[in-house]
Amino acid sequence: MPATAPLMARLYLDTVVRTKRTLIVGLVLVLVALLFAVAGILAQGPKERLGLYYLFLFGGPAGIVLQFCALFFGAAAAADEVENGTAVYLLSRPLSRPLTFLGRLAAAWGVLAVLMSVLNLLVGLFTGGPTHLHRILLAEIPILVGCGVYVALFSLLALLVRNALAVGAVVSLLWDFPLSSVPIDLHLLTLRYPLLCLVRGVAMDYEDPDYQALWSSGMYRVFEQSPWTSFVVLLLAFAAMTVVATRLSARRPVNLRQTQ
Amino acid sequence: MTGSVIELTRAVKRYGPVLALNDLTLDVGPGITGLVGPNAAGKSTIIGLVTGLMPPTAGKVRVLGGDPWDDTPLRGRIGYCPDSERVWPGMTGRQLVTRLGIYSGIEPAEAARRAEDALSEIGLAAAMDKPVTQYSKGMRQKAKLCQAVLHRPELLVLDEPLNGVDPLSRVEILKRLRDMAGQGMSILVSSHVLHELETAIDRVVLIHRGRLLAEGTVEEIRDLLDEHPHSVRLESPEPRKLASALLQLDGVVGVQIVDDRTVDATTRDPGQFYGTLPDIVTGSGLTVEALWSPDSNLEAVFRYLVKGGGG
């Protein structure tokens, strides 16, 4: 029996790199990095520059970019082979169906994790600067966790609905992103909220008065939580979504009439 | 191998409200078996069940003694050549065959060696490093055949392998199937045209609207079908020359030039038509780029059989 998961991860990487969507994602990331580089150059002093990094992490850019990239890569992990008509080659082989999916999911997470980590590092250095390198590196932890959670969410979505990209965009724009910022309990039903808690818990110095001043009028209940609570919540969400998606993927038949 | 290679017992397959297979019981033994039926007859559904791409809605499917949907190692004993033209973008013939060989459990170095040998043997030595998307229909079918047999399966399943393939490639593919069957491989090959398979296959299974209509030897089934005129569409850069060459063939009762590349021929002896066409083409220096047998042929015959005219 072939080693299914590594083979499928490699196939995913080989094919996804050639797609236009990866080029689009890459361009978006470069644009975001450039914007923050320019803003960092124009900022007045180190406090304002650090504020820009906080803005990147909490104000939306990191979350939005992460969600949209996860949407592209997660949906591709679940649905690309079926949509491209090449699933017939894979699913007629002695390859474990659950591991086929998990290998692709891991590869999607890997691509996204690398891209988002590099983006965080660049934006962090352009704004906060090398003096805050420890914060920038600690922020990589929630970013890696977020990559996994959102890839699992959007791959599950791609297995449940036909037009996963549109539905995923709706989930991101109308549910996860806005609701994570409202000061009512609905934010507990989002993934972004515990992620923000995690960023706050591991990477931010919330005793810093400058930081408090910058963010004293925003999303506030985020900071009430322990990072471990957030981490466990995210881990459970990731595990649940991955298990359901793997089961769905393994039991999904290929309709040969649709591949011709 | 003796006994059943493929067993479908009261197999039912539904796609939502559409009934694709209707309580089908089928027993396929060793040798080459042709699975023949018009479009939407249920051929691809049977192939999907046999190759483990889908489970039956009801009933039982056994292949080489196991359930291909649930038994992952079993699928390593089956080779599958799909009808789908789609492959991964940019992938060369060598990459396609090697990669799918690896997915079938062959070590990478061995898969690469076997892929090179197989593609060379089948006449794709010069093209193996070109993208498959640039291949002609015949070349693609040959590459797909190579990937299906690289791991030396016990059962080879081919979905419409001759559809649109030029006459010389047809001869090569059929010869290859006979060779493989001679080495002990069981083969299930689907087509909507019996006559294009008949020189290679041992037994025929006729499927219509998800039901088994008839099964038997080629001779038995051919007797049922030969009473009906059979039309063939050919593509060539020289349609007029081709038309005049076709009229020389015994059994051809009509030839029509459809456009500047297409010729339709009608024959009352399809077996002889398919058998002698390659000689005519090579003898007269003509080029036939593609060959189809329109599905309407078989539809007419099946309507005839369903009405009971076939006895």
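These figures come from a predicted structure and were not determined experimentally.

K.L.:
Honestly, unusual backbone geometry in this entry has me stumped. Any pointers?
P.N.:
Note: most residues except glycine have negative phi, and most peptide bonds are trans. Residue and element names in this part refer to chain B. For Asp23, which is not glycine, the phi dihedral falls at a positive 55 degrees. Along the polypeptide, Asp23 turns up in strand β2 (residues 18-28). Here Asp23 falls in the partly exposed class, since its relative accessible area comes to 32%. Residue Glu160 is not a glycine yet carries a positive backbone phi of 50 degrees. Position of Glu160 relative to the elements: it lies in the loop between β6 (155-159) and α5 (167-182). Owing to a relative accessible area of 5%, Glu160 belongs among the buried residues under this scheme.

K.L.:
Hey, could you run me through the interface of chain B and chain A in this one?
P.N.:
Where interface size is given, it is often the accessible area lost as the parts come together that is meant. Counting residues at the interface gives 37 residues for chain B, matched by 35 residues for chain A. Buried area between chain B and chain A, both sides added, is near 3,100 Å², and the carbon and sulfur share of it is 56%. Among the residues chain B hides against chain A, the three largest losses belong to Arg86, Trp88 and Tyr103 of chain B. Together they make up 25% of the total. Put simply, chain B and chain A have 2 salt bridges between them. We note a salt bridge from Asp14 of chain A to Arg99 of chain B, for which the minimum N-O separation is 2.4 Å.

K.L.:
What's the story with the confidence of the model for chain B in this structure? I'm lost.
P.N.:
For any part of a model where pLDDT is low, the fine detail of the predicted coordinates should not be relied upon. Summary statistics for chain B give a mean pLDDT of 87 and a share of 91% for residues scoring 70 or more. The ipTM for the predicted assembly is 0.82, set against a pTM of 0.81.

K.L.:
What exactly am I supposed to notice about the nonpolar core here?
P.N.:
A general trend in soluble globular proteins is that nonpolar side chains are found buried together. Counting residues in hydrophobic clusters, the biggest one holds 86 residues, and the most contacted among them are Leu8, Leu155, Leu156, Leu177 and Ile187 of chain B. Leu119, Leu153, Leu157 and Met204 of chain A belong to the second largest nonpolar core, which has 63 residues in total.

K.L.:
Is there a simple way to think about the packing of helix α3 (residues 45-58) of chain A against helix α7 (residues 133-160) of chain A in this case?
P.N.:
To characterise two packed helices, one gives the angle between the axes of the helices and the distance between these axes. All names here are of chain A. Relative orientation of the contacting elements α3 and α7 amounts to 5 degrees, with a least axis distance of 12 Å. The orientation of α3 with respect to α7, classified from their angle, is roughly parallel. From α3, Leu50, Tyr53, Tyr54 and Leu57 reach across to α7, where they touch Arg135, Ile136, Ala139 and Ile143. Each residue belonging to the contact of α3 with α7 can be placed in one class, and the counts come to 7 nonpolar, no polar and 1 charged.

K.L.:
Can you help me understand the pairing of strand β3 (residues 32-36) of chain B in this one?
P.N.:
Looking down a regular strand, the side chains alternate between one sheet face and the other. Residue and element names in this part refer to chain B. The element β3 is largely enclosed, with a buried count of 5 among its 5 residues. Here β3 shows two buried faces, one formed by Ile32, Gly34 and Val36 and the other by Thr33 and Leu35. Note that β3 and strand β7 (residues 186-191) share 5 bridges and pair parallel. Bridge pairing in β7 places Gly34 opposite Val189. As paired elements, β3 and strand β8 (residues 203-208) share 4 bridges and run parallel to each other. Residue pairing in the sheet places Leu35 in a bridge with Val205 of β8.

K.L.:
Looking at this structure, I do not really get the packing of aromatic side chains. What am I missing?
P.N.:
A ring pair, where both rings are aromatic, is described by two values, the distance of the centres and the angle of the planes. Residue and element names in this part refer to chain A. Evaluation of the coordinates by the stated rule reveals 6 aromatic pairs over all chains. On the numbers, 5.3 Å between centres and 75 degrees between planes, the contact of Phe36 with Phe56 is edge-to-face. Of this pair, Phe36 sits in helix α2 (residues 20-42) while Phe56 sits in helix α3, placing them 20 residues apart in sequence. On the basis of relative accessible area, Phe36 is assigned to the buried category, the value being 9%.

K.L.:
Could you clarify how one ought to interpret the sheet that holds strand β4 (residues 58-63) of chain B in this entry?
P.N.:
All names here are of chain B. Read across the sheet, 3 strands follow the order β2-β1-β4 without closing on themselves; strand pairing throughout is antiparallel. At either end of the open sheet lies a strand with only one pairing partner, and these are β2 and β4. Averaged over all adjacent pairs, the angle separating strand axes in this sheet is 25 degrees, with direction ignored. Pairing between strand β1 (residues 6-15) and β2: 7 bridges, direction antiparallel. Its bridge partner lying in β2, Ala11 is registered against Leu24.

K.L.:
Could you clarify how one ought to interpret the sheet that holds β3 of chain B in this entry?
P.N.:
Remark on secondary structure: sheet strands pair via backbone hydrogen bonds, oriented parallel or antiparallel. Residues and elements named next belong to chain B. An order of β5-β6-β7-β3-β8-β9 is seen for the 6 strands of this open sheet, with the pairing classed as mixed. Two strands lie at the open edges of the sheet, namely β5 (78-81) and β9 (211-217), each paired on one side alone. Taken over all neighbouring pairs, the strand axes of this sheet differ in orientation by 15 degrees on average, direction set aside. By the bridge criterion, 5 bridges tie β6 to β7 in an arrangement that is parallel. By the bridge assignment, Leu158 is partnered in β7 with Val189. This element, helix α4 (residues 137-149), spans β5 and β6 of the sheet and lies at about 165 degrees to β5.

The rules we used
- Residues numbered from 1 in each chain as written.
- Chains lettered and ligands numbered in written order.
- Predicted model: local features only at pLDDT ≥ 70, side-chain atom pairs only at ≥ 80, totals over all residues.
- Heavy atoms only, no water.
- Helix = DSSP H or I, 4+ residues; strand = E, 2+ residues; numbered from the N terminus.
- Buried < 20%, exposed > 50% of the residue type's maximum accessible area, 1.4 Å probe, protein only.
- Contact = heavy atoms within 4.5 Å.
- Buried area = accessible area lost by both parts, 1.4 Å probe.
- Salt bridge = Lys/Arg side-chain N within 4 Å of Asp/Glu carboxyl O.
- pLDDT = per-residue confidence, 0-100.
- Core = buried A, V, L, I, M, F, W, Y, C linked by side-chain atoms within 4.5 Å.
- Axes fitted to C-alpha atoms, helices over the stretch in contact; angles between N-to-C directions.
- Parallel < 35°, antiparallel > 145°, perpendicular 65-115°, else oblique.
- Nonpolar A, V, L, I, M, F, W, Y, C, P; charged D, E, K, R; others polar.
- Pairing = 2+ DSSP bridges.
- Phe/Tyr/Trp six-rings, centres within 6.5 Å; stacked < 30°, edge-to-face > 60°.

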